[in-house]
Amino acid sequence: TKKANQLKNFAGFLQHNSSAGSEFNTCDRLVSDPETIFSATQTQGMQVGSEEWVEWVQSAGTSNANFRVQVVPESQTEQEFPVYHSPTPCGIHSVQSVHVDPFGVVAEQISGNAGVGSALVVEMETEVNLDHTLRAGVAICSFLWKRQIEKANLPRPIHFVVFWNKEDELDLDPDVKKMKLEMMSAFGEVIFYSHEEAAAEQQARKTYFQKVYAAPWNEMPSRCHDYALANGLIQHQVGETSLRLAMSKVVVNRKPLRMYQGFAEAFRSGLDITTRKRHEGGVVVIQRGVYPDPRSPPESYRRHLAGERGKRRLLVDAKTGLEKPLMQRLCQTELKIKVLDFHPKAKKKYSFKEQLKIMAGTAVLAASHGSGLSNALWMRPGSVAIEVTLRAGYCCMPIPKENYENPHSPCTRSCAAYTMVNIADGILASGVKWFYLDPIIIDQPTGNSNRDTRRVHVDSDLFAKVIQGAYVVATGTKTTAADLNI
């Protein structure tokens, strides 16, 4: 794992490549139709916070926020939870039948030719955030169960009988629901029991299988996602029980984990998606919009819509505080570039399959810290993900309430180590290279974490060179990995 600044030294090796797909067209649209690229008009330029905030960041920089990371030595045995290798991964276990209220028995085991294949009855979670979705564990635990069925040569085809808690389903955004069902369909046939349909009409849908399994979190008193996190069923990272915000350290594994082997490939195979060729691919820059909860208090909701608050973390040019100059400089590299926002409420909506298809053709992914970086999982191994950190101005987390939006530095106590690299391990485990780049400054946070910032200001020239160098590493353009000493 190296700092992304080192990538700028590789930029000179670049030999331009126009073989990326037609979807990498941001630079063309930047000239013809710029309003369709940027998710919001920015009216605020360089004002990033109080004078005290700017002075503190410029004086402290990242010197007081070193990474607190424990790197597993190359020779050390891979650290993995035993539950991942069990014949009953994640606690999934064989049962005779499964009853789900109010649908009655939704799956029953029966011998002979009357039963069809194997089925897992599983309650779904409601996360919008991709990283949280993976950490909640429904997707990867389902994959591990499927892998175990195939390894043990148990009855097939494979089915997933899925449902949500009634309250969760009724509150769930339809696009999020569609995405999650599409994710599960990559592993097998999905049989969905919906509370939005009459329960009586679905009770007759009971299906007979040769083998039936149930997830341990089904119909727990608490929500599935809360239960999964609390019990550490699965995290898209390793180390302590859970990479929660309060954890003391982050463990980064430099070797691919056995539990991830075949995970991304299973999605691509199930959805009939192929990855880019070695020397091809485009560049994706993820720029998220502001998507507040409409149920928030009216004043808070208005401020979110105005862009005054919220975890947008938009990458902008440090000289102007605007997004457009950054993208204009990036387009000067003549690489095929796409600015994306995969949020379900974004102006342009993508199905899960469409997201995977774009990422499978991506050589370089760049984004500020956030769940968007988890899309690197779907890239061809050997590709590059660049995380723009939030270290400039970081001091401690949580930030004391008295420091929200007032003219003070973010902390009154000693600075703590920077632990927001929790996404890196999942990226590395999938075979994608991870680099980090520190920003010049970030907007003064409006909440208890540096995540609560509107904009992340980067040196546009350096950012463009880093992207170019990353493209060389990802595609092997006019050089080799040995030449680059990586």
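On a predicted model such as this, the values are computed, not experimentally measured, just so you know.

This part takes up the pairing of strand E17 (residues 433-437). The two faces of a sheet get side chains in turn, since along a regular strand they alternate between them. Counting buried positions along E17 yields four of five residues, so the element is predominantly enclosed. Of the strand pairs in this sheet, strand E16 (residues 384-388) and E17 are connected by five bridges, and their pairing is parallel. By the bridge assignment for E17, Glu387 is matched with Tyr436.

What follows is about helix H12 (residues 352-360). For H12, every residue scored as buried is listed here: Phe352, Gln355, Leu356, Ile358, Met359 and Ala360. Buried-residue contacts for H12 involve helix H6 (174-185), helix H9 (263-270), strand E12 (282-286), strand E14 (337-340) and strand E15 (362-368).

Per-chain confidence: the protein chain averages 78 in pLDDT, with 72% of residues scoring 70 or above. Ignoring residues within four places in sequence, the model shows residues 295-309, a span with pLDDT below 50, making 21 contacts including any to other chains. Every residue in residues 479-486 is under pLDDT 50, and counting partners more than four places away or in other chains gives twelve contacts.

Next up on the list: helix H4 (residues 138-151). Given a rise of 1.5 Å per residue, 14 residues ought to cover 20 Å, and the 20 Å separating the end C-alpha atoms of H4 matches this to within 8%. Of all the 14 residues making up H4, ten are buried; the element is thus mostly covered by neighbouring parts of the structure. Taken together, the buried positions of H4 are Val138, Ala139, Ile140, Cys141, Ser142, Phe143, Leu144, Trp145, Lys146 and Ile149. Phi turns positive one or two residues past the end of H4, at Asn153, with a value near 55°.

Looking now at the packing of H4 against H9. Here H4 crosses H9 at 85°, and the two axes come no closer than 10 Å. Accordingly, the angle class assigned to the pair H4 and H9 is roughly perpendicular. Contacts from Ala139, Ile140 and Phe143 of H4 reach H9 at Phe263, Ala266 and Phe267. Along the lines of polarity and charge, the residues of the contact of H4 with H9 split into six nonpolar, no polar and no charged.

Our focus in this paragraph is the side chain of Arg268. Tracing the sequence through the fold places Arg268 in helix H9. Here the side chain of Arg268 touches Trp378 through a polar contact of 3.2 Å, landing on its backbone oxygen. Non-local contacts of Arg268, meaning those with residues more than four positions away in its chain, are made with Ile273, Thr275, Leu356, Ala360, Leu377, Trp378 and Met379.

Our next topic: the pairing of strand E19 (residues 455-458). Taking every second residue as pointing to the same face, both faces of E19 are buried, with Arg455 and His457 on one and Val456 and Val458 on the other. Bridge analysis of strand E13 (residues 314-317) against E19 gives four bridges, and the strand direction is parallel. Across the sheet, the residue bridging to Asp317 is Val458, located in E19. Summarising the sheet, strand E18 (residues 441-442) and E19 pair through two bridges and their orientation is antiparallel. Within the sheet, the bridge partner assigned to Ile442 lies in E19 and is Val456.

This part takes up the state of the cysteines. Applying the stated criterion across every chain, the model contains one disulfide. Here Cys27 connects covalently by a disulfide to Cys331, the sulfurs 2.0 Å from one another. Since a negative S-S torsion denotes a left-handed disulfide, the Cys27-Cys331 link at about -90° is left-handed. With Cys27 in helix H1 (residues 26-32) and Cys331 in helix H11 (residues 323-331), the pair connects residues that are 304 residues apart, well separated along the chain.

Calculation notes
Residues numbered from 1 in each chain as written. Predicted model: local features only at pLDDT ≥ 70, side-chain atom pairs only at ≥ 80, totals over all residues. Heavy atoms only, no water. Buried < 20%, exposed > 50% of the residue type's maximum accessible area, 1.4 Å probe, protein only. Helix = DSSP H or I, 4+ residues; strand = E, 2+ residues; numbered from the N terminus. Pairing = 2+ DSSP bridges. Contact = heavy atoms within 4.5 Å. pLDDT = per-residue confidence, 0-100. Expected span 1.5 Å × (residues − 1). Axes fitted to C-alpha atoms, helices over the stretch in contact; angles between N-to-C directions. Parallel < 35°, antiparallel > 145°, perpendicular 65-115°, else oblique. Nonpolar A, V, L, I, M, F, W, Y, C, P; charged D, E, K, R; others polar. Polar contact = N/O pair within 3.5 Å; in protein donor to acceptor, adjacent residues only side chain to side chain. Disulfide = S-S within 2.5 Å.

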